[in-house]
2 protein chains.
Amino acid sequence: MAEEFQKWVLMVTAQTPTNIAVIKYWGKRDENLILAINDSISLTLDPTHLCTTTTVAVSPAFNQDRMWLNGKEISLSGGRYQNCLREIRARASDVEDKNRGIKIAKKDWENLHVHIASYNNFPTAAGLASSAAGFACLVYSLAKLMNVQEDNGKLSAIARQGSGSACRSLYGGFVKWVMGKEENGSDSIAVPLVDEKHWDELVIIISVVCSRQKETSSTSGMRETVETSALIEHRAKEVVPKRIIQMEEAIQKRDFATFTRLTCADSNQFHAVCLDTSPPIFYMNDTSHRIISCVEKWNRSEATPQVAYTFDAGPNAVLIARNRTSAALLLQRLLFYFPPNSETDLNSYVIGDKSILKDVGIQDIKDVEALPPPPEIKDPAQKYKGEISYFICTRPGRGPVLITDESQSLLHAETGLPK
Amino acid sequence: MAEEFQKWVLMVTAQTPTNIAVIKYWGKRDENLILAINDSISLTLDPTHLCTTTTVAVSPAFNQDRMWLNGKEISLSGGRYQNCLREIRARASDVEDKNRGIKIAKKDWENLHVHIASYNNFPTAAGLASSAAGFACLVYSLAKLMNVQEDNGKLSAIARQGSGSACRSLYGGFVKWVMGKEENGSDSIAVPLVDEKHWDELVIIISVVCSRQKETSSTSGMRETVETSALIEHRAKEVVPKRIIQMEEAIQKRDFATFTRLTCADSNQFHAVCLDTSPPIFYMNDTSHRIISCVEKWNRSEATPQVAYTFDAGPNAVLIARNRTSAALLLQRLLFYFPPNSETDLNSYVIGDKSILKDVGIQDIKDVEALPPPPEIKDPAQKYKGEISYFICTRPGRGPVLITDESQSLLHAETGLPK
């Protein structure tokens, strides 16, 4: 490349959603390629409330690959980042920006460095699986920058090598991660089942639980489960395959009762195999147990289930309500049992789609304090003030998108450094 | 019987230990006969610290069967009591007290009524499986009163019909409950493996955990697990049989490392299948989890395990230390993490064999407060004051015994009513 071109910076910004598994991924058959021991199914969440935004930039002026996460530079030396960068670079094509007179040939990508800036619109400390949205967004934005001519399914197999569950964030709606059979992982990809409009009456309320406990990382946790649990193989080979078939059918039919039964059972079984690990892994705490009890009691008091619950590798509950009416009744129950600490503002206690609060007729803390106990409770109900950090109300969401509004990019157009 | 004999009361008093399962019983193949879906192995605990004492009396003056538990009359109409009473009566023999001129013929027992008074030397609210010692003692004392000519193995099959785990309280030391094959349960009996002297260096510390939670009864809990868990059959058929063989060998060889591995894994797996039940059953709480973490961390920091943990259908930890030295180090750790509330007297906080406290050099609360953090802890250690009600220090114990000292009987010699 000629000297006069040394100053340009070419950038792409993308936004990618998080997802929550309703049939869980736990256990790898290949640690390096991240190949799962069973299929899993997830629901993509609305990126308006939970997403990662990533800007990737390339410039002949960059002398190394660099990355900033939420404004702080992090190392890219880890195998997972390196795998994603290598796989994307290997698929890069010619890129030309005629207006700016920029031309990058396929073979040039090997010698060009990238800058990556990534930002989550939700607290990373909340334990909301930010790595899924993060690696999906990294792979998706790099693929667009480098003009990779592959569909999202192929890209999902690359994102998978960053974080297993990331592959499911390449699509909106309900998504299946097919474990695949190939040793190289080429058929271990995400497949869209239905888009986010197929079952759009669902409402999701995430309860972010206060926790003092230091959690086992899911990477080491699932390795220990595979190595030591006497139940995990039976789960992966005998139980999950049947559930996957039933879950796909429930999703197609929007059969909420079956969906709830399978979602709750599979979350509980995932935590059961964690407990069956040596040493045992506990992700749920007493607050998680109380949320389950609340939902189970309510579901059993109704003719048909109102809410499904699922917990990932942490104490936070992801509650999926059958519709807005159920979500409003759920939020009433949650606020009754788990009122905020007195110094907490209701506006920061229920975030995301706050319109659910209005459905319930709750405007301030006084309305929360005045909530009557749920009718299904016979004994005087106990309250657990301060056990929840906040609630996020959201809905099924779309897959990754490019952000063309340059003002939203996270890197400076001239320097390629974080804004 | 002639009128002049109407006034006599014939009594027997017996004492029976509790037991703690190290390979767990969870799930029945016959609800009425109480037949298990797998073998289990338990350790009998010293009755000095944890036992049931039962006095049974017969008199022609009694006009119905009656029972008092811890001084309060309870109904005998339940099927479990009726099964035990019927089975024992069916095996009654002639009884004669020549000194008092009392003679009861085998056939008379059908028409004679009994009074039963039972007392636990530990708080019933503590969730320490009082029903095991209780039914064992009921059956044992009735068998002695009615001169039943059967060994403890046969009696265990009757006690089993009161409460499954009760059959294991008919012997001291380590005991196996063989699930059996017969439909009528005749071969589903307790078998002594080794007596309490075989491995008498073991020390047991029970941590009675404060809990606000209402627990699922083990009867309904195990029924729901058998009906809904996708893992219980695999556990019962594939996992437990192997563990039973390994555990018997570990006990014979006093191989504490293997004993600990199996005991902890089986406790965790029992709680895992509870969690895999629909709705999920939680017996352990955050305090239980903290105790496990403390033990696991310590065991892993030593060349060989020091303590095994096991939890029944509740949050209490039963900790089995390899010897007195380990028990003293364990108690130091427990008191460090779980100091008593300031108003609690140390003398009522550590009960049972208090000599372990002396080994540690702890005389009062000030000594507890001065305890240094365990060396295996790197981060500043968190303390959990008030989460434990009290600790019971005990050891392996003997099986049932008759108490001949009449002053210890729980019923009046003349009236047959509670003292």
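Figured I'd write up the structure that's included with this text. Keep in mind the model is a prediction, meaning the values are calculated, not measured.

How each quantity is defined
- Numbers given to residues run from 1 along each chain, matching the order in which its sequence is written.
- Written order determines the labels here, with chains lettered from A and ligands numbered from 1.
- Totals for whole chains, interfaces and linings use all residues, but because this is a predicted model, local features are given only for residues with pLDDT of at least 70 and pairs of side-chain atoms are given and counted only at 80 or more.
- Water and hydrogen atoms were dropped before computing side-chain values, which therefore reflect all heavy atoms in the structure.
- We count a stretch as a helix when DSSP gives it H or I for four or more residues in a row; a strand needs E for two or more, and each element gets its number in order from the N terminus.
- Only protein chains enter the calculation, and the probe is 1.4 Å; a residue is then buried if its accessible area is under 20% of its type maximum, exposed if over 50%, and partly exposed in between.
- Contact criterion: two residues are considered in contact whenever any of their non-hydrogen atoms come within 4.5 Å of each other.
- For every accessible area listed, the method is Shrake-Rupley and the probe measures 1.4 Å; residues are considered covered only by the protein chains on display.
- Here the positive residues are Lys and Arg and the negative ones are Asp and Glu; neither His nor the chain ends is included.
- A charge is said to be at NZ when it belongs to Lys, at CZ for Arg, at CG for Asp and at CD for Glu.
- Throughout, buried area stands for the accessible area (probe radius 1.4 Å) lost by two parts on being put together, summed over both.
- A side-chain nitrogen of Lys or Arg and a carboxyl oxygen of Asp or Glu constitute a salt bridge if their distance falls within 4 Å.
- In protein, a polar contact requires one atom able to donate a hydrogen and another able to accept it; more generally it is a pair of N or O atoms within 3.5 Å, and residues adjacent in sequence count only if both atoms are side-chain atoms.
- Just so you know the grouping, Ala, Val, Leu, Ile, Met, Phe, Trp, Tyr, Cys and Pro go in nonpolar, Asp, Glu, Lys and Arg go in charged, and all remaining residues, Gly too, go in polar.
- Strands are treated as partners if at least two bridges between them are detected by DSSP.
- To obtain an axis, a line is fitted to C-alpha atoms, over the contacting stretch when the element is a helix, and the angle between two such axes runs from 0 to 180 degrees between their N-to-C directions.
- The least-squares superposition of copies is restricted to C-alpha atoms, and to residues with a pLDDT of at least 70 in both copies.
- Pairs were defined over the aromatic rings of Phe, Tyr and Trp, the Trp ring being its six-membered one, requiring ring centres within 6.5 Å. Orientation was assigned from the angle between planes: stacked under 30 degrees, edge-to-face over 60, tilted for the rest.
- Note on terminology: angles under 35 degrees are roughly parallel, angles over 145 are roughly antiparallel, angles of 65 to 115 are roughly perpendicular, and the others are oblique.
- In a left-handed crossing the near helix is turned counterclockwise from the far helix by less than a right angle, and in a right-handed crossing that turn is clockwise.
- Side-chain atoms within 4.5 Å are what join buried Ala, Val, Leu, Ile, Met, Phe, Trp, Tyr and Cys residues into a set we call a nonpolar core.

### A short note on the overall build of chain A
A tally of helices and strands in chain A yields eleven helices and 19 strands. When the backbone C-alpha atoms are referred to their principal axes, chain A occupies close to 80 × 50 × 40 Å. Counting all 419 residues of chain A, 58% fall into the buried class. Within chain A, counting contacts between residues at least 6 apart in sequence, those at least 24 apart form 77% of the total. When the accessible surface of chain A is split by element, carbon and sulfur atoms take 48% of a total near 17,400 Å². Measuring between centres, the 47 positive side-chain charges of chain A sit 1 Å from its 50 negative side-chain charges.

### Description of the interface of chain A and chain B
The interface is formed by 32 residues belonging to chain A together with 32 residues belonging to chain B. Here chain A and chain B share an interface that buries about 2,700 Å² over both sides, 56% of which is from carbon and sulfur atoms. On the chain A side of the interface with chain B, the three residues burying the most area are Arg212, Leu231 and Phe282 of chain A, jointly 20% of the side's total. Counting the contacts that link chain A with chain B gives zero salt bridges. Taken together, chain A and chain B are joined by five residue pairs in polar contact (both at pLDDT 80 or more). Counting residues per element, the ones that place at least two in the side of chain A that touches chain B are α5 (232-253), α6 (256-275) and α7 (286-301) of chain A. Split by residue class, the side of chain A that touches chain B holds 13 nonpolar, nine polar and ten charged.

### Quick look at the sheet that holds strand β17 (residues 350-352) of chain B
All names here are of chain B. Read from one edge to the other, the open sheet built from five strands follows the order β15-β16-β14-β18-β17, with strand pairing classed as mixed. Only two strands of the sheet have a single partner each, and these edge strands are β15 (307-311) and β17. Direction aside, the axes of adjacent strands within the sheet are offset by 25° on average. Note that strand β14 (residues 203-209) and strand β18 (residues 388-394) share six bridges and pair antiparallel.

### Regarding the relation of the copies chain A and chain B
Least-squares fitting of chain A to chain B yields an RMSD of 0.0 Å, with the transformation described by 0.0 Å of translation along the axis and a rotation of 180°. The relationship between the two copies is best expressed as a two-fold rotation axis. Of every C-alpha in chain A, the one belonging to Ala272 of chain A sits nearest the axis of rotation, 2.1 Å from it. Mapped onto chain B, 100% of the interface residues of chain A are again interface residues, and the two copies thus contact each other with one and the same surface.

### Describing the packing of aromatic side chains
Applying the stated criterion to the full structure yields 30 aromatic pairs over all chains. Consider the rings of Tyr309 of chain A and Phe311 of chain A, whose centres lie 6.2 Å apart with planes at 65°: the pair is edge-to-face. Exposure remark for Tyr309 of chain A: the relative accessible area of 1% places this residue in the buried category. Residue classification places Phe311 of chain A among the buried residues on the basis of a relative accessible area of 0%. The interplanar angle of 35° and the centroid separation of 6.0 Å between the aromatic rings of Phe338 of chain B and Tyr384 of chain B together place this pair among those described as tilted.

### Here we look at the environment of Ala308 of chain B
Mapped onto the fold, Ala308 of chain B is located in strand β15. Setting aside chain neighbours within four positions, we find Ala308 of chain B in contact with Phe256, Phe259, Thr260, Thr263, Cys264, Val318, Leu319 and Ile320 of chain B.

### Some words on the pattern of salt bridges
Overall, the coordinates contain 40 salt bridges over all chains when judged by the stated rule. A salt bridge links Asp108 of chain A to Lys107 of chain A; its shortest N-O distance comes to 3.3 Å. Classification of Asp108 of chain A as buried rests on a relative accessible area of 14%. Where Arg300 of chain B meets Glu296 of chain B, a salt bridge forms, and the shortest distance between an N and an O atom there is 3.1 Å. Remark: Glu296 of chain B and Arg300 of chain B occur in helix α7 (residues 286-301); sequence separation between them is four residues, near one turn of the helix. The class for Arg300 of chain B is exposed, based on a relative accessible area of 53%. Given a relative accessible area of 11%, Glu296 of chain B falls into the buried group.

### Remarks on the pairing of strand β7 (residues 66-69) of chain A
All names here are of chain A. Relative to strand β11 (residues 113-120), β7 runs parallel, the two sharing four bridges. If you follow Arg66 over to β11, its bridge partner there is His115. Where β7 and strand β8 (residues 72-74) come together, three bridges link them in antiparallel fashion. When the bridges of β8 are listed, Met67 appears paired with Ile74. In sequence, β7 turns back onto β8 through a hairpin of two residues, with Asn70 there showing a positive phi of about 50°.

### Observations regarding the packing of helix α2 (residues 130-145) of chain A against helix α3 (residues 152-159) of chain A
Residues and elements named next belong to chain A. Where α2 contacts α3, the axes come no closer than 9 Å and their chain directions differ by 125°. With respect to each other, α2 and α3 are oriented oblique. Relative to α3, the crossing made by α2 is right-handed. Here Phe135, Ala136, Val139, Tyr140 and Ala143 of α2 come into contact with α3, specifically with Asn152, Leu155, Ile158 and Ala159. Considered class by class, the residues forming the contact of α2 with α3 number eight nonpolar, one polar and no charged.

### Concerning the side chain of Asn19 of chain A
Residues and elements named next belong to chain A. Checked against the element boundaries, Asn19 lands in strand β2 (residues 19-23). At 3.1 Å, the side chain of Asn19 and the backbone oxygen of Ser165 are in polar contact. There is a polar contact of 2.9 Å between the side chain of Asn19 and the side chain of Ser169. Apart from residues lying up to four places away in sequence, Asn19 is in contact with Ser42, Leu43, Thr44, Leu45, Ala132, Ser165, Arg168 and Ser169.

### A word on the environment of Leu335 of chain A
Residue and element names in this part refer to chain A. Turning to its location among the elements, Leu335 is positioned in helix α8 (residues 324-337). The sequence separation of Leu335 and Lys385 amounts to 50 residues, and the corresponding C-alpha distance is 9.3 Å. Setting aside its immediate chain neighbours within four residues, Leu335 contacts Tyr349, Val350, Leu357, Ile362, Val368, Leu371 and Phe391.

### Brief notes about α3 of chain A
Residue and element names in this part refer to chain A. Of all the eight residues making up α3, seven are buried; the element is thus mostly covered by neighbouring parts of the structure. By the burial criterion, the buried members of α3 are Asn152, Gly153, Leu155, Ser156, Ala157, Ile158 and Ala159. At the N-terminal boundary of α3, the capping side chain belongs to Asp151, with an oxygen 3.2 Å from the backbone nitrogen of Gly153.

### Examining the nonpolar core
By size, the foremost hydrophobic cluster in this structure holds 255 residues, and its most contacted members are Phe259 and Leu335 of chain A together with Phe174, Phe259 and Leu335 of chain B. For Phe174 of chain B, the residues in contact, after removing those within four places along its chain, are Ile41, Ser42, Leu43, Pro192, Leu193, Val194, Trp199, Leu202, Ile251 and Phe259 of chain B.

### Points about the side chain of Thr277 of chain B
All names here are of chain B. Within the fold, Thr277 resides in the loop between α6 (256-275) and α7. One polar contact links Thr277 to Thr225, side chain to side chain, over a distance of 2.8 Å. Excluding anything up to four places from it in sequence, Thr277 contacts Glu224, Thr225, Thr228 and Ser229.

### Focus: the sheet that holds β2 of chain A
Residue and element names in this part refer to chain A. Sheet architecture is open: four strands sit in the order β2-β5-β12-β13, paired in antiparallel fashion. Each end of this open sheet is capped by a strand with a single partner; those strands are β2 and β13 (190-194). When strand polarity is set aside, the average angle formed by the axes of neighbouring strands in this sheet is 35°. As paired strands, β2 and strand β5 (residues 40-44) are joined by four bridges and run antiparallel to one another. Considered in β5, the bridge of Ile23 is made with Ile41. Each of β2 and β12 (174-177) is contacted by α6, which is oriented at about 100° to β2, the strand it contacts most.

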